[in-house]
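Read off the chains here:
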Amino acid sequence: MLFPTTYDMTLLISIISMICWGSWANTLKMAGPKWRFELYYFDYSFGVLLAALAAAFTFGSMGPELSFQDNLLIAGKRQMAYAVAAGAVFNLANILLVGAISIAGMSVAFPIGIGLALITGTVGSYLQQKTGNPALIFGGTGVVLLAILFAALAYAAMNRPVAEPVTPVGVRPGNVKSARRPGAAKGIIISVVSGLLMGAFYPLVTLARAQGLEVGLGPYAIAVFFAAGVFLTTIVYNIYFMNLPLHGEPVEFGAYLKGTAGQHLLGVIGGIIWCAGSVCNFVAGAVSGPAQVGPAVSYALGQGATMVSVLWGLLVWREFAGAGTRAVILIILMFLAFGTGLGMIAVSPLY
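In this text the structure is predicted, and so the values were computed from the model without any measurement.

Visitor: Hey, could you go over the confidence of the model for the protein for me, with residue numbers and the actual values?
Guide: Chain-level pLDDT for the protein is 86 on average; 89% of the residues reach the 70-or-more range. Looking over the protein, one finds the lowest element-wise mean pLDDT in helix H11 (residues 295–302), namely 66, and the highest in helix H3 (residues 37–56), namely 97. With pLDDT under 50 throughout, residues 160–165 is counted as low confidence; its partners more than four residues away or in other chains account for 14 contacts.

Visitor: Could you give an account of the nonpolar core, with specific residues and numbers?
Guide: Membership of the largest hydrophobic core comes to 101 residues, with the highest contact counts inside it found for Trp-24, Leu-217, Phe-226 and Trp-274. Of all the elements, helix H5 (residues 77–104) adds the most residues to this core, at 14 residues. Setting aside chain neighbours within four positions, we find Trp-24 in contact with Tyr-40, Tyr-44, Asn-94, Leu-97, Val-98, Phe-110, Gly-270, Ile-273 and Trp-274.

Visitor: Before we move on, can you summarise the pattern of salt bridges with the specific residues and values?
Guide: Opposite charge on two side chains allows them to pair when their charged atoms are near. Scanning the model with the defined rule gives two salt bridges in all. Between Glu-319 and Lys-29 there is a salt bridge, and its shortest N-O distance comes to 2.8 Å. Of this pair, Glu-319 sits in the loop between helix H12 (305–316) and helix H13 (325–346) while Lys-29 sits in helix H2 (residues 26–30), placing them 290 residues apart in sequence. What makes Glu-319 buried here is its relative accessible area of 6%. Look at Lys-29 and you get partly exposed, because its relative accessible area is 25%. For Arg-36, the salt bridge is made with Glu-38, and the minimal N-O distance between the two is 3.0 Å. Residue classification places Glu-38 among the buried residues on the basis of a relative accessible area of 0%.

Visitor: Can you lay out the packing of aromatic side chains for me, pointing to particular residues and giving the numbers?
Guide: Considering all chains together, one arrives at 17 aromatic pairs under this definition. Centroid distance Trp-21 to Trp-274: 6.0 Å. Interplanar angle 20 degrees. Geometry classified as stacked. Of this pair, Trp-21 sits in helix H1 (residues 7–23) while Trp-274 sits in helix H10 (residues 261–286), and the two are 253 residues apart along the sequence. The pair formed by Trp-21 and Trp-274 is uniform in burial state, with each residue classed as buried.

Visitor: Give me the lowdown on H3, citing residues and values where you can.
Guide: Along its 20 residues, H3 runs 28 Å from first to last C-alpha, staying within 8% of the 28 Å computed at 1.5 Å per residue. Burial of H3 is extensive: 16 of the 20 residues sit out of reach of the surface.

Visitor: How would you sum up the packing of H1 against H10? Please name residues and give values.
Guide: Two elements in contact, H1 and H10, have axes whose closest approach is 8 Å; the angle formed by their N-to-C orientations is 155 degrees. When the interaxial angle is binned, H1 and H10 end up roughly antiparallel. Every pair of crossing elements has a handedness; the one defined by H1 and H10 is left-handed. Here Thr-10, Ile-13, Ser-14, Ile-16, Ser-17, Cys-20 and Trp-21 of H1 come into contact with H10, specifically with Ile-273, Trp-274, Ala-276, Gly-277, Ser-278, Cys-280, Asn-281, Val-283 and Ala-284. Looking at the contact of H1 with H10 residue by residue, the class counts come to ten nonpolar, six polar and no charged.

Definitions and limits used
Numbers given to residues run from 1 along each chain, matching the order in which its sequence is written. Where totals are concerned, whole chains, interfaces and linings use all residues; where local detail is concerned, this predicted model gives features only for residues with pLDDT of at least 70, and gives and counts side-chain atom pairs only at 80 or more. Excluded from the side-chain calculations are hydrogens and water; all other atoms, namely the structure's heavy atoms, are used. Looking at any residue, its pLDDT shows the predictor's confidence there, from 0 to 100. Secondary structure elements are defined from DSSP: runs of H or I of at least 4 residues count as helices, runs of E of at least 2 residues count as strands, and each element is numbered from the N terminus. Here a residue-residue contact requires only that any non-hydrogen atoms of the pair lie within 4.5 Å. By nonpolar core is meant a set of buried Ala, Val, Leu, Ile, Met, Phe, Trp, Tyr and Cys residues that side-chain atoms within 4.5 Å join together. Exposure categories follow from relative accessible area, calculated using a 1.4 Å probe and restricted to protein chains: below 20% of the type maximum is buried, above 50% is exposed, and the middle band is partly exposed. Each salt bridge in this description consists of a side-chain nitrogen of Lys or Arg and a carboxyl oxygen of Asp or Glu lying within 4 Å of one another. Each pair of aromatic rings taken from Phe, Tyr and Trp, with Trp reduced to its six-membered ring, is defined by centres within 6.5 Å and is described as stacked if the planes are under 30 degrees apart, edge-to-face if over 60, and tilted in the remaining cases. Expected helix span is taken as 1.5 Å per residue step, with the number of steps being one fewer than the number of residues. Simply put, an axis is a line fit to the C-alpha atoms, just over the touching stretch for a helix, and the angle between two N-to-C directions goes from 0 to 180 degrees. Oblique is the label for any angle not under 35 degrees, not over 145, and not in the 65 to 115 range, which are roughly parallel, roughly antiparallel and roughly perpendicular in turn. Left-handed describes a crossing in which the near helix is turned anticlockwise from the far one by less than a right angle; the clockwise case is right-handed. Note on residue classes: Ala, Val, Leu, Ile, Met, Phe, Trp, Tyr, Cys and Pro are nonpolar, Asp, Glu, Lys and Arg are charged, and everything else, Gly too, is polar.

Encoded structure:
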């Protein structure tokens with residue numbers, strides 16, 4: 001398996017993780033408003049599994065360290081189960097996040113959902129493996145909590161109607177009841193639930209590594225079992241949300257077959273981008289010695305994806321276009337607070 005050999009290299013792949021995690025949702029936006037997120041997610045989960053297998057049989061099989069195949073032969077079954085469970089927990093959280101993005105946009109869903117995940121995941125990982133200055137880690141998560149509050153207030157202040165009703169694929173035109181955006185409370189609540197679940201998956205990833213006398217999984221093997229958990233549970237979760245959607249009318253499975261090649265490809269690409277970020281994050285969290293940043297810090301840096309996604313939402317998708325001055329000021333305060341909190345967590349190993 002390939003690992004970074006210096007602290008700077010580990011920090012670099014953590015930043016790559018941040019960029020990937022903050023950019024994959026653009027593919028959902030690019031698929032268009034008619035392509036329901038439930039349909040998009042089938043292709044997304046396939047892309048995650050495809051990328052994990054590709055990484056395992058390339059980077060995971062190179063270098064002087066234990067190869068991916070050898071790791072599978074000696075790893076404990078409990079660690080494999082932890083990795084699959086992490087994928088299952090993450091998947092439910094991520095489906096809710098995608099639903100929140102379709103309601104509230106990237107600029108709001110990511111700060112609230114991923115911000116809460118950052119707090120719970122960083123604290124949980126730190127309690128398992130105490131790496132970094134606790135004052136900076138806990139102080140940074142407190143500032144991130146303030147950023148979440150700013151994001152929620154900004155979305156609540158923005159009450160803008162959709163210009164025209166859009167008929168999603170698989171839904172009869174007469175069933176579209178409203179041309180207005182869903183209420184602020186719904187988007188915020190879904191983001192909060194997503195964030196709480198999202199924060200629970202990373203401690204499970206940490207448990208999938210070596211525990212006591214049992215041989216744990218390496219980062220590339222974790223990615224494969226994690227992706228398997230995502231792919232297998234997508235069928236269960238998605239069928240539920242297709243029949244009891246977060247918003248809009250129920251969508252038929254046959255609508256998936258009506259999607260264009262471009263829409264299906266965008267879902268696969270979205271999964272590949274997300275998984276590339278995850279592999280980088282798992283590798284960064286598994287490094288030991290002078291190059292180590294620790295699981296808590298690698299996870300926190302990965303959640304800097306929020307900063308990336310907010311920039312995409314504001315500058316490219318113009319999600320706050322036409323919003324009042326108060327909403328704009330609050331989103332700027334959110335951005336600054338999130339950046340400050342992440343900075344405190346990132347430098348915690350140096351002090």
